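# Architecture and fold: a report
In case you want the letters, here they are:
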Amino acid sequence: TVVDAGTSGWRNFPVFKKQVIDRSKTRVLSFLNIAGSGMTGFPSEEDVNDMDSRMTALVIEQFPDIIVGVKIGHYRGSDWTPFDRALEAGHMANVPLFVECHLPLLPLEGILNRMRPGDIYTHSYCAASDRMCLLDDQGKIRPFVLEAQNKGVRFDVGHGGGMFHFDIAVPALEQGLLPNSFGSDLHRFSMNSGMKNMLDIMSKFLNMGMAIEDIVYRATWSSAQSIKREDLGNLSEGSVADIVVLSVRKGSFGFIDTRGNKISGDRRLEA
């Protein structure tokens, strides 16, 4: 299952009767942007008047087998209204909020405090100019980040083309901040730079010391739980046979992050 971070806003979805879709054929799932125009960039994505909690929730309720949550990603203001409306839409539709966190004027502590158990924070393992890092200047996980983790906020990798750094990921793992899912943030820039695909991300975590059992769990069942799709990500009797066969290849391999920093490894996951 591929989970798309969601570029379309609620205005791009028709409002008809509730649609029923065969889940066994559904492979691309979406988070619906709280911005009505979708992820169209600035300034249209910052129009608070185009952020309608009720309409967003209504569209999600119409397409429950396609839309699995609400997304907020790009907002440069200091007003909490967009964030609160995204939370409200998620509450009304009973789905998680996916926080991409290009929200430079909203403090990280306030974001994590507002997020509910089951909400998802992505781009977790990076230091970027438009958000506070989850680690402090001494490389320690900030106390309010641990509080959010204990509360049940879920942390996604969200590697992308600029949002994954070994000098953040390694100490975070050592201190117990493991990802709940291996989001790739796949686009034409990220797939042609430091990240090729989801298996590449999983291989990086394998060589940073994460146990293979943890990696498989978080790539499958944990990810399915994040989007409340417990019909996926498992091989229980009667479930859809959604299977991939992997091997752990041994050798000498190199991995890079989005700053060009490198680590060496002796294992790589291959399909």
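Above this text you will find the structure in question.
Residues numbered from 1 in each chain as written. Predicted model: local features only at pLDDT ≥ 70, side-chain atom pairs only at ≥ 80, totals over all residues. Heavy atoms only, no water.

In this section: the state of the cysteines. For the coordinates displayed, the defined rule picks out 0 disulfides. In this model cysteine 126 remains outside any disulfide bridge; the closest cysteine sulfur is found in cysteine 133, 6.9 Å from its own. (Disulfide = S-S within 2.5 Å.)

Another point: the packing of helix α1 (residues 53-62) against helix α2 (residues 81-93). Here α1 crosses α2 at 35 degrees, and the two axes come no closer than 8 Å. Between α1 and α2 the crossing geometry is right-handed. On α2, the residues touching Ser53, Arg54, Thr56, Ala57, Ile60 and Glu61 of α1 are Arg85, Glu88, Ala89, Met92 and Ala93. Its residues assigned to classes, the contact of α1 with α2 comprises 5 nonpolar, 2 polar and 4 charged. (Axes fitted to C-alpha atoms, helices over the stretch in contact; angles between N-to-C directions. Helix = DSSP H or I, 4+ residues; strand = E, 2+ residues; numbered from the N terminus. Left-handed = near helix turned anticlockwise from the far one by under 90°. Contact = heavy atoms within 4.5 Å. Nonpolar A, V, L, I, M, F, W, Y, C, P; charged D, E, K, R; others polar.)

Moving on: the packing of aromatic side chains. As enumerated under the stated definition, the model contains 7 aromatic pairs in all. Ring geometry for tryptophan 80 versus phenylalanine 83: centroids 5.7 Å apart, planes at 90 degrees, classification edge-to-face. For the residue pair tryptophan 80 and phenylalanine 83, the accessibility class agrees, reading buried in each case. Considering the side-chain rings of tyrosine 125 and phenylalanine 205, the 5.6 Å spacing of their centres and the 75 degrees angle between planes classify their relative orientation as edge-to-face. One end of the pair, tyrosine 125, is in the loop between β5 (120-121) and α4 (143-151); the other, phenylalanine 205, is in helix α6 (residues 198-207), and 80 residues separate them in sequence. (Phe/Tyr/Trp six-rings, centres within 6.5 Å; stacked < 30°, edge-to-face > 60°. Buried < 20%, exposed > 50% of the residue type's maximum accessible area, 1.4 Å probe, protein only.)

So, on to the pattern of salt bridges. Under the defined criterion, the tally for this structure stands at 13 salt bridges. Residue glutamate 100 pairs with lysine 71 through a salt bridge whose shortest N-O separation is 2.9 Å. Linking glutamate 100 in strand β4 (residues 97-102) with lysine 71 in strand β3 (residues 67-74), this pair joins segments that are 29 residues apart in sequence. Across this residue pair, the class does not change: glutamate 100 and lysine 71 are buried. (Salt bridge = Lys/Arg side-chain N within 4 Å of Asp/Glu carboxyl O.)

In this structure, Phe83, Val99, Leu112, Tyr121 and Phe205 are the most contacted members of the largest nonpolar core, which totals 61 residues. Excluding residues that lie within four positions of it along the chain, tyrosine 121 makes contacts with Val99, Cys101, Leu108, Leu112, Met115, Arg131, Met132, Leu134, Val153, Arg154, Phe155 and Asp156. Formed by 8 residues, the second largest nonpolar core is a distinct cluster that contains Leu29, Ile120, Ala224 and Leu232. (Core = buried A, V, L, I, M, F, W, Y, C linked by side-chain atoms within 4.5 Å.)

A separate point is unusual backbone geometry. The phi torsion at histidine 123 lies on the positive side, around 60 degrees, for a residue other than glycine. Tracing the chain through its elements places histidine 123 in the loop between β5 and α4. With a relative accessible area of 3%, histidine 123 lands in the buried category. Backbone geometry at lysine 228 places phi at a positive 55 degrees, although glycine is not the residue there. Judged by its relative accessible area of 48%, lysine 228 is partly exposed.

Note that strand β7 (residues 247-256) and strand β8 (residues 262-270) share 8 bridges and pair antiparallel. Bridge pairing in β8 links phenylalanine 255 to isoleucine 263. Taken together, β7 and the strand that follows it, β8, pair antiparallel across an intervening segment of 5 residues, in which glycine 260 is found at a positive phi of about 90 degrees. (Pairing = 2+ DSSP bridges.)

To continue, consider α6. Burial analysis of α6 places 9 of its 10 residues in the buried class, the great majority of the element. Of all the residues in α6, the buried ones are Leu199, Asp200, Ile201, Met202, Ser203, Lys204, Phe205, Leu206 and Asn207. Along its buried surface, α6 packs onto α5 (166-174), α7 (212-219), β7 and β8. At the N-terminal boundary of α6, the capping side chain belongs to asparagine 197, with an oxygen 3.2 Å from the backbone nitrogen of leucine 199. (Polar contact = N/O pair within 3.5 Å; in protein donor to acceptor, adjacent residues only side chain to side chain.)

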